Amino acid sequence: MKFIKILFVFFFLFTATKGFGQYNERIIKLSYGAGFPLGDLGKFIENKLFDGIGIEGRYFLTDKVSLGISTGWNTFSKSYERALYKYDNGEISAVQTRFFRSIPILLTGHYYLGNYESKFKPYAGIGVGAYQLHYEKWYGTFAEGKDSWSFGVRPEVGIMAPLSEKVGIDFNVRYNYAVYSYNDVEDFFYPEATLGVFLYLD
Amino acid sequence: MKTVLLNYFYFSKIQILMAFGFTVLATSCMGPNPEDFLTPEEKDVYVSNYDPEVDFSSYKTYTLPDFVNVITNPGDSGTEERKSIDIAILNAISDEMQKLGYVRVDSSQNPDLGLQVTKVAVSYTGIDYSPIYYYDPYYGGGYYYPSYYVYQVRRGSVIVDMLDVKNPVQNNQLKVVWNGQFIDGLGTLSSDERILKGVRSLFVQSTYLKGSDGG
């Protein structure tokens, strides 16, 4: 979890340093996200929400444009009743537990409608960066797994609703995509809805 | 001065919150550990390997010794350990082979197949977190495994090897045409019921095992 420490340092600096420019506005956002795995990822673990937590910092260049960094995670896991899994020269009977985790680490850019005083600020944006992806498949208590880093993008649309000068709520929907193929998960994409709280840092 | 202090504390609160958040992040996004929530039986794994070029209906008879090989910790005496379960394992194997249509004969009666049972009862284990890997466990001598067999030697397992006795290959070696492994999820081989269920399952799940006498 070395990268989490690195991210912590990044966010620490983000909150500790003064902004610059005319708007001098920074927010930090914590959110809960529910993902809906599609494709092979959805088949790998069926009927489970890919849920997780997000943390994001945004720095407003103007009242319509922000740049930032976003991370968090989505995970899901499921155990399957004992079943027989065949392979080329044999078979394994076991209770399988499957787990998948996605940790996006993205640089983001957003464009906002409305202005500084708007009650609602709809926005659209995109995150570009790396997805740290972790695959596990357990046979009983024996696991095979793989960690990998993949390039990914995440377009999103949402709406921010400032409640006061200090705090606001945020809702967005976004689409995660990363270049990925391992074992029975040969593609990786999932839409996600998030609900969050943001704090103004100045 | 007051403002500076307030600012200082304001940022501290945010950063304490972040530190808490990142701690949660670092711990709560870990994967599941089935050690914690599976029952002992759910932890058991039954693995079978076979040679796909072999026609198992070409065999009719087999021999089974009246003992189980035991691999123990260096210095331990494994041969005296749990004789009753050893006999129960051998009886279960004999029963399952009969159901599959194979006829048990004495080793002096030129059997087609030879079965060997090994109990791995050691207190150490391999790598806890590892992919299934290919392993060539040449133990005992006199026969060999095809290299593609999935094989994991774990603490607490019962291994059944089926050798083609009537068709020795090069250097008079006997080929292992089928191999079954009951892997005790607890690693202790302490439950006779689970051991016997697992050993029987090895034969049931290998649906290609059909003796020439039917099955």
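Before reading further, recall that the structure is shown in the block above.
To keep things clear, this report deals only with the structure shown in the data block. Predicted, not measured: the structure shown is a model, and the values here were computed from it.

Quick look at the overall build of chain B now. Each helix and strand in chain B was counted, giving five helices and eight strands. Its helices and strands taken in sequence order, chain B reads α-α-α-β-β-β-α-β-β-β-β-β-α from the N to the C terminus. Put simply, chain B has 215 residues, and 31% of those count as buried. Across chain B, every contact between residues at least 6 apart in sequence was considered, and the portion connecting residues at least 24 apart equals 78%.

Our focus in this paragraph is the overall build of chain A. If you tally the helices and strands in chain A, you get two helices and eight strands. Each helix (α) and strand (β) of chain A, taken in turn from the N terminus, gives the series α-β-α-β-β-β-β-β-β-β. The 202 residues of chain A split such that 41% are buried. Counted over contacts in chain A with a minimum sequence separation of 6, partners at least 24 positions apart contribute 60%.

As a general feature of sheets, a regular strand has side chains that alternate between the two faces. Residues and elements named next belong to chain A. Summarising the sheet, strand β1 (residues 25–35) and strand β8 (residues 189–200) pair through nine bridges and their orientation is antiparallel. Across the sheet, S31 pairs through a bridge with G196, a residue of β8. Inspection of the sheet shows strand β7 (residues 167–178) paired to β8 by 11 bridges, in the antiparallel sense. Opposite D170, over in β8, you have G196 as the bridge partner.

Pairing of β1 of chain A with strand β2 (residues 50–60) of chain A, which is carried by 11 bridges, proceeds in the antiparallel orientation. Along β2 of chain A, the bridge assignment pairs E25 of chain A with F60 of chain A.

Here we take up the packing of helix α4 (residues 83–99) of chain B against helix α5 (residues 192–205) of chain B. Residue and element names in this part refer to chain B. Running from N to C, α4 and α5 cross one another at 25°; their axes reach a closest spacing of 9 Å. Overall, the two elements α4 and α5 adopt an arrangement that is roughly parallel. With respect to the hand of their crossing, α4 and α5 are arranged in right-handed fashion. Residues I85, A88, I89, A92, I93 and E96 of α4 touch α5, and the partners they reach there are D192, I195, L196, V199, R200 and F203. Its residues assigned to classes, the contact of α4 with α5 comprises nine nonpolar, no polar and three charged.

To continue, consider α4 of chain B. With 17 residues, α4 of chain B should cover 24 Å at 1.5 Å per step; its first-to-last C-alpha distance of 25 Å lies within 8% of that length. Just downstream of α4 of chain B lies G101 of chain B, where phi reads positive at about 100°.

Nonpolar side chains tend toward joint burial in soluble globular proteins. One finds V45, I93, L115, V158, V160, M162 and V199 of chain B to be the most contacted residues of the largest nonpolar core, which totals 43 residues. Non-local contacts of V199 of chain B, meaning those with residues more than four positions away in its chain, are made with I89, A92, I93, V158, V160 and F182 of chain B. Ranked by size, the runner-up nonpolar core spans 19 residues in total, among them F76, F100, Y135 and V185 of chain A.

Phi is positive for N47 of chain A, close to 55°, though the residue is something other than glycine. Here N47 of chain A shows up in the loop between α2 (39–44) and β2. Residue N47 of chain A is classed as exposed on the basis of its 8 C-beta neighbours within 10 Å. The phi angle at N110 of chain B is positive, at roughly 45°, despite the residue not being glycine. Among the secondary structure elements, N110 of chain B is positioned in the loop between β4 (103–104) and β5 (113–121). N110 of chain B sits in the exposed class, given 11 other C-beta atoms within 10 Å.

A few words now on the environment of W138 of chain A. The topology assignment puts W138 of chain A in strand β5 (residues 121–139). The buried category is assigned to W138 of chain A, around which 26 C-beta atoms lie within 10 Å. Taking the C-alpha atoms as reference points, W138 of chain A and L163 of chain A, 25 residues apart in sequence, are found 46 Å from one another. Residues contacting W138 of chain A, with those up to four places away along its chain left out, are Q96, T97 and A143 of chain A together with P34 of chain B.

What counts as what
Residues numbered from 1 in each chain as written. Chains lettered and ligands numbered in written order. Predicted model: local features only at pLDDT ≥ 70, side-chain atom pairs only at ≥ 80, totals over all residues. Helix = DSSP H or I, 4+ residues; strand = E, 2+ residues; numbered from the N terminus. Buried ≥ 20, exposed ≤ 12 C-beta atoms within 10 Å, placed from the backbone. Contact = placed C-beta atoms within 7 Å. Pairing = 2+ DSSP bridges. Axes fitted to C-alpha atoms, helices over the stretch in contact; angles between N-to-C directions. Parallel < 35°, antiparallel > 145°, perpendicular 65-115°, else oblique. Left-handed = near helix turned anticlockwise from the far one by under 90°. Nonpolar A, V, L, I, M, F, W, Y, C, P; charged D, E, K, R; others polar. Expected span 1.5 Å × (residues − 1). Core = buried A, V, L, I, M, F, W, Y, C linked by C-beta atoms within 7 Å.

Note that all results are geometric; they support no functional claim without further evidence.
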